[in-house]
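One letter stands for each residue in the lines below.
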2 protein chains.
Amino acid sequence: MSGIDKYELLSDLAKRRGFFWPSFEIYGGVSGYLDLGPLGAKLKRYIEEKWLNTFVYQHGFAAISTPVITPEKVFIASGHVEHFKDLMVSCLQCKRHFKADFAITEAMPGKTDMALEAMSASQIDAFIEENHVRCPECGGQLSKAEYSLTMFKTNIGPYGDTVGYGRPEAAQGIFVDFKRVFDASREKLPLGIAQVGTVMRNEISPRQGPIRLREFTIMEMELFFDPEESKCEYLERVKDMELPFLLASERERKGSKITRLSVDAALKGKVVLSEWAAYFMALSVKFVESLGVPGEKQRFEEKLPAERSHYSSQTFDHQIWLDRWGWVEIAGHAYRTDFDLAAHIKHSGADLSIFKPYDAPIEKKGTVIVPIDSLLGPLLREKAKGVIEKLRSSDPSEVKAAFARSGFFEVEGFKILPTQVRFEERMIRETGRRVVPHVVEPSFGAERVTYSVLEYAYTRNKDRVVLKLPPELAPTKVMIFPLMAKDGLPEIALTIQRALMAKGVETEYDEAGTIGRRYARADEIGVPLSITVDYQTKNDGTVTIRDRDTWQQVRREWKDLPGLTESFLRGDTKFQELGTIIQATYD
Amino acid sequence: MSGIDKYELLSDLAKRRGFFWPSFEIYGGVSGYLDLGPLGAKLKRYIEEKWLNTFVYQHGFAAISTPVITPEKVFIASGHVEHFKDLMVSCLQCKRHFKADFAITEAMPGKTDMALEAMSASQIDAFIEENHVRCPECGGQLSKAEYSLTMFKTNIGPYGDTVGYGRPEAAQGIFVDFKRVFDASREKLPLGIAQVGTVMRNEISPRQGPIRLREFTIMEMELFFDPEESKCEYLERVKDMELPFLLASERERKGSKITRLSVDAALKGKVVLSEWAAYFMALSVKFVESLGVPGEKQRFEEKLPAERSHYSSQTFDHQIWLDRWGWVEIAGHAYRTDFDLAAHIKHSGADLSIFKPYDAPIEKKGTVIVPIDSLLGPLLREKAKGVIEKLRSSDPSEVKAAFARSGFFEVEGFKILPTQVRFEERMIRETGRRVVPHVVEPSFGAERVTYSVLEYAYTRNKDRVVLKLPPELAPTKVMIFPLMAKDGLPEIALTIQRALMAKGVETEYDEAGTIGRRYARADEIGVPLSITVDYQTKNDGTVTIRDRDTWQQVRREWKDLPGLTESFLRGDTKFQELGTIIQATYD
């Protein structure tokens, strides 16, 4: 496209027509923030709804909503306070800050960012020195690399009693709520708990427009399953589907060859470790395809161990090709195992395991703790009952270890001494046992998806931009034009609009300018159908219907349109079936 | 309800069934945060959609989306950094913090909070001393009152180069975007720009569950209109509607008498200052009524000048009655005039006015600035063109004032001297002029609305809770039960479920427990219809359909149900019309 990339073309259109633009423009802007205009906000909303239906509701799973600002202890438990950091270098001359791998990639475009992501601070420093890497903006000398926490920090309440962070993922809100949702959902696994909501990442110096934002809407699901019964009941639907992999082994050899494997083969070959992960990856391809991104522009990049988040045992980035940035992550598929639930069990003391009853109770020999009530009772008084109960249900081997280590075992702040309990070997009757669920996670960024949908919809026909959005995603479904703003034509047009709106079809009425200009605008904002009311309409009730994608026109009585339009937008009726094809009168 | 209020009853139900619960429970919770479970999140989403349709889309207005974290300069301009504060007192003994008016109201339950909100810090101190107000928690002595900023503060980027705040309202994102949206919307007033999104308020010590949250979803619209053409085109629809006012004058006499005025009379009597505000207030009543809150449980409290936000010339709180808290604000209707746009024009230098063309150009005498090109050109070089243009379009009286004040007038960093320009009196041809739009704002908190809907839906029939949610808001529309989980009944039930889901009707399938317990659960989560498949279904294809609200049952062939159910949920078909009334077999 003659030197100008699609991002540039689209940004111009997006500003003019109201899809998106940089935030806080009148104050000079702040990088990493994006506003969605009237059309962009609607498009994003439709994408969110489609995602919810595809990933959540069609499986009978749940979607919840939890806060953005989250108290520090949650992110200490989850490992984010320790791990959610990026290496940063600063220019000693112009004082700008850069993500370390970005600074290097800018200076040495040949390098892939793969090895860099895995480097430690001292390795980065050495690399910068060896390769004489300088500031990508001014050529100045760069500082040593240091870690920058990429969460927004704030205080909850006055005086900063409680430190909080803007959540960088919605997942932790789901993990801490797992037990509540599990109980309310009739205690059955597998259970998907999703969330569509705002997340924040305090990126060091984001400079990729809608692709790297400091604030965005995540569409994220944690699928909880029993690791001992890990079959995915929906696998049959996708098992023959071929997925394109860029495998870690290939990446380690600096190659970029795609390996195509059926879902079945990927599981059998242990390329993908979990059936649920493989199912969601296949669903992810279908979802992204239905948004207008063809299969051949998609791939799954397997992350190297050093590139993975601290909680993940296996991660595939679902990538798509974008004109300016090349392969870009549109979704992440992580196998989080029991990492997060186990961490919250440890830090909160809450029991987030599930109870698995045996078919029949079993008896087996085991050690039990017997608190000596006559000693503990008088000591603990009104607390005795609770502490003794907790003590009794503690793991005997842990209690023994604590005694050996520190001479006591702590329960609710009380130090229990070895003399205050007995250990007995007994036959224990077990009716079941407790298991901590495993988790796989598909996770999408809604703004990035929205941008990608627009880029793939962006086409040109002659000198005109035609935004070929999938009809179900189009912010406006039907434009309604009176040929002239007089002679009763507007009244008929408005009647048609009301009839369509009553069917829930989103319409826009426009009487300004030539019909050609109105069609051009309809094409530019991706309206699938345009209806024109002209003088003939007054005689026979027929109107012209124009197809955005082919510019074909048909004639039909407008009374038939509300039902037909719905059917067309659902994909059940073809455009040619909407009426009698006519020579395009206005263009 | 026997000492237990509806909030308590509902909270229990909400936790068990998955509507809402306090956030971060496993870590002991943090006050002012609420999680929405699977049912609550859906209910809230439906409320948001209904709000968007009612306030925004039916008028052809726009909804946009802007960031939560907002750079400080925006909130300096808007006045929030200066004004968005609450007076706080702390207990010198137990160290707890309290909103000053809360501490006083707790200690002296007789007092209304009206006068308190208007008090200064020293007035509060005097009041506390005179009335011997002590800590509401421990009875300790209270500190002097001081202001606490109720915005969350954070840093954007590493090293805190840019201070940012969590937005306490979505309005500012709309104001800074006004021009972009206006341009994309074909430059016409009136223009409504709405936003449904997360806002944050760092309340001092919130303790009212879902009613006072530190983070919630705002549903807010800024309606921009030309103050010289302030007619509301929709007024006709509501002008005879009676609105219940608790007027400021009545409140000043400590009264609580309601004045009922038609919209028309309220406008004629200048009780409400703007037609648009009056229209939205009427719409607000209809909206809240459609959510299940009867008109007699609603009123508009006119705020006293000292109670109003700094940006508002007139505010009405739309209040509803809640069992625990009495009259509670469910929406705010503020007349913000041109306060915000004018503030952003001043602080950003951007032109946020609109151009109003005259019918015909007019000629009038006026002063113009004539930059002396021969002097400025060589001085400014490549910048000359831009600076001279800007100088030419500056306001002559402002330039003169600057000369008088400081001896120069600054344009893009250049100091223009009086010797470098001439002032001339000329006939000026004006084709129109610029006007800063006025704004009225209806604003709702989605979580509070969600809670209120649940409270008003909460009823009891015999010993059973029946949640009489308006069908369109019910998270699950239809429950589908096989009488027994065997003999082919589940298969038929699942077929019916698929048929309903294909129509977009949200269903849930349940085969566990007695039919009575399943009906009870359906009632408790507000499912309008339950369908039971029994042995007769295998013979004649009929099923039992049960009505949540009357517990009546009808019999009908299930093949008719998808269409009929849709119609029932829309309110077009009555329950009795769904089939033949039968004696309730299962209950």
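Procedures and definitions
Residues numbered from 1 in each chain as written. Chains lettered and ligands numbered in written order. Predicted model: local features only at pLDDT ≥ 70, side-chain atom pairs only at ≥ 80, totals over all residues. Heavy atoms only, no water. Salt bridge = Lys/Arg side-chain N within 4 Å of Asp/Glu carboxyl O. Helix = DSSP H or I, 4+ residues; strand = E, 2+ residues; numbered from the N terminus. Buried < 20%, exposed > 50% of the residue type's maximum accessible area, 1.4 Å probe, protein only. Contact = heavy atoms within 4.5 Å. Buried area = accessible area lost by both parts, 1.4 Å probe. Polar contact = N/O pair within 3.5 Å; in protein donor to acceptor, adjacent residues only side chain to side chain. Nonpolar A, V, L, I, M, F, W, Y, C, P; charged D, E, K, R; others polar. Phe/Tyr/Trp six-rings, centres within 6.5 Å; stacked < 30°, edge-to-face > 60°. Lys NZ or Arg CZ within 6 Å of the ring centre and 35° of its normal. Pairing = 2+ DSSP bridges. Axes fitted to C-alpha atoms, helices over the stretch in contact; angles between N-to-C directions. Core = buried A, V, L, I, M, F, W, Y, C linked by side-chain atoms within 4.5 Å. Expected span 1.5 Å × (residues − 1). Least-squares fit on C-alpha atoms with pLDDT ≥ 70 in both.

Trainee: Sorry if this is basic, but what is going on with the pattern of salt bridges here?
Mentor: Residue and element names in this part refer to chain A. Evaluation of the coordinates by the stated rule reveals 93 salt bridges over all chains. Note that Asp-317 and Lys-303 form a salt bridge whose closest N and O atoms lie 3.1 Å from each other. Separated by 14 residues along the polypeptide, Asp-317 in strand S15 (residues 314–322) and Lys-303 in the loop between strand S14 (298–302) and S15 bring together distant segments of the chain. Of the two residues, Asp-317 and Lys-303, both sit in the buried class. Among the salt bridges present, the one from Arg-548 reaches Asp-549, with a minimum N-O distance of 2.6 Å.

Trainee: Quick question: what am I supposed to make of the interface of chain A and chain B here?
Mentor: Reports often express the size of an interface as the amount of accessible area lost when the parts come together. With 73 residues of chain A at the contact, the number on the chain B side is 73 residues. Around 6,200 Å² of area is buried between chain A and chain B when both sides are counted, 58% of it from carbon and sulfur atoms. In this structure, Arg186(B) and Asp510(A) form a salt bridge, with 2.9 Å as the shortest nitrogen-oxygen distance. Scanning the region where chain A abuts chain B turns up 24 residue pairs in polar contact (both at pLDDT 80 or more). For the side of chain A that touches chain B, the element with the highest residue contribution is helix H2 (residues 38–56) of chain A, accounting for 7 residues. Split into classes, the residues belonging to the side of chain A that touches chain B amount to 34 nonpolar, 17 polar and 22 charged.

Trainee: How do you make sense of the packing of aromatic side chains when you look at a structure like this?
Mentor: How two aromatic rings sit relative to each other is set out by the distance from centre to centre and by the angle between their planes. Residue and element names in this part refer to chain A. Per the stated rule, a full pass over the model turns up 58 aromatic pairs over all chains. Here Phe-98 and Phe-102 contribute two aromatic rings whose centre-to-centre distance is 6.4 Å and whose plane-to-plane angle is 15 degrees, an arrangement assigned as stacked. Among the aromatic side chains, those forming a connected cluster through ring pairs are Trp-51, Phe-55, Phe-61, Tyr-234, Trp-276, Tyr-279, Phe-280, Phe-287 and Phe-444. A cation over a ring is seen here: Lys-415 above Phe-408, with NZ or CZ 4.8 Å from the ring centre. Note that Lys-477 overlies the ring of Tyr-46, its terminal NZ or CZ placed 4.6 Å from the centroid.

Trainee: Explain the sheet that holds strand S10 (residues 191–200) of chain A here, please?
Mentor: Adjacent strands of a sheet pair through backbone hydrogen bonds, lying either parallel or antiparallel. Residues and elements named next belong to chain A. The 9 strands are arranged S3-S10-S11-S21-S16-S15-S14-S12-S13 in an open sheet whose pairing can be described as mixed. Of all the strands in the sheet, the pair left with one neighbour each is strand S3 (62–63) and strand S13 (259–262). Two elements, strand S12 (residues 242–246) and S13, share 4 bridges in a ladder whose sense is antiparallel. By the bridge assignment for S13, Glu-242 is matched with Ser-262. Contacts from helix H11 (residues 275–290) reach strand S11 (215–225), S12, S14, S15, strand S16 (326–337) and strand S21 (438–445), with the element oriented near 15 degrees to S21.

Trainee: Sorry, what's going on with the pairing of S11(A) here?
Mentor: In summary, the side chains of a regular strand alternate between the two faces of the sheet. All names here are of chain A. S11 sits mainly inside the fold: 11 of its 11 residues count as buried. With burial as the criterion, each face of S11 is covered, one bearing Glu-215, Thr-217, Met-219, Met-221, Leu-223 and Phe-225 and the other bearing Phe-216, Ile-218, Glu-220, Glu-222 and Phe-224. Where S10 meets S11, 10 bridges bridge the pair, whose relative direction is antiparallel. Across the sheet, the residue bridging to Thr-198 is Thr-217, located in S11. When S11 meets S21, the two strands line up antiparallel, connected through 6 bridges. By the bridge assignment for S21, Ile-218 is matched with Gly-445.

Trainee: When you look at the nonpolar core in this model, what are you seeing that I'm missing?
Mentor: Inside soluble globular proteins, nonpolar side chains tend to come together where they are buried. Counting 111 residues, the largest nonpolar core has Trp51(B), Phe245(B), Val272(B), Trp276(B) and Phe280(B) as the members making the most contacts within it. Sequence-distant contacts of Phe280(B), defined by excluding residues within four places in its chain, comprise Phe55(B), His59(B), Phe61(B), Met221(B), Leu223(B), His333(B), Val440(B) and Pro442(B). Among the nonpolar cores identified, the runner-up in size contains 110 residues, and Ala170(A), Leu469(A), Val478(A) and Tyr519(A) belong to it.

Trainee: Explain the sheet that holds strand S28 (residues 553–557) of chain B to me, please; I cannot follow it from the model alone.
Mentor: Residues and elements named next belong to chain B. Strand order across the open sheet formed by 6 strands is S25-S24-S26-S27-S28-S29, with mixed pairing between neighbours. Every other strand in the sheet has two partners, leaving strand S25 (507–509) and strand S29 (580–582) as the edge strands with one partner each. Across the sheet, the mean angle separating the axes of adjacent strands is 30 degrees when strand polarity is ignored. Both strand S26 (residues 529–533) and strand S27 (residues 542–547) contribute to a ladder of 4 bridges, which runs antiparallel. Opposite Ile-531, over in S27, you have Ile-545 as the bridge partner.

Trainee: Explain helix H16 (residues 446–457) of chain A to me, please; I cannot follow it from the model alone.
Mentor: An α-helical turn contains 3.6 residues, so a residue and the one three or four places further along point in the same direction. With 12 residues, H16(A) should reach 16 Å at 1.5 Å per residue; the first-to-last C-alpha distance of 16 Å fits that figure. Judged by how many residues are buried, H16(A) sits mostly within the fold: 11 of 12 residues are covered.

Trainee: How should the relation of the copies chain A and chain B be read in this particular structure?
Mentor: Copies of the same chain, two in number, are related to each other by a rotation about an axis and a translation along it. Overlay of chain A on chain B (RMSD 0.3 Å): rotation 180 degrees, translation along the axis 0.1 Å. Taken together, these values place the two copies in the relation of a two-fold axis. Using C-alpha coordinates, one finds that chain A approaches the rotation axis most closely at Thr154(A), a distance of 2.6 Å. Of the residues that chain A buries at the interface, 100% are likewise interface residues in chain B, meaning the two copies contact each other through the same surface.

Trainee: Help me out: how do you make sense of the side chain of Asp226(B) in this one?
Mentor: All names here are of chain B. Locating Asp-226 in the fold gives a position in the loop between strand S11 (215–225) and strand S12 (242–246). One polar contact links Asp-226 to Lys-356, side chain to side chain, over a distance of 2.8 Å. Among all residues touching Asp-226, those that are not within four sequence positions of it are Leu-189, Lys-356 and Val-435.

Trainee: Where do I start with the environment of Glu455(A) in this structure?
Mentor: Residues and elements named next belong to chain A. Turning to its location among the elements, Glu-455 is positioned in helix H16. Sequence separation between Glu-455 and Lys-468 is 13 residues; the distance between their C-alpha atoms is 9.8 Å. When sequence neighbours within four positions are dropped, the list of residues in contact with Glu-455 reads Lys-6, Leu-10, Trp-321, Leu-322 and Asp-323.

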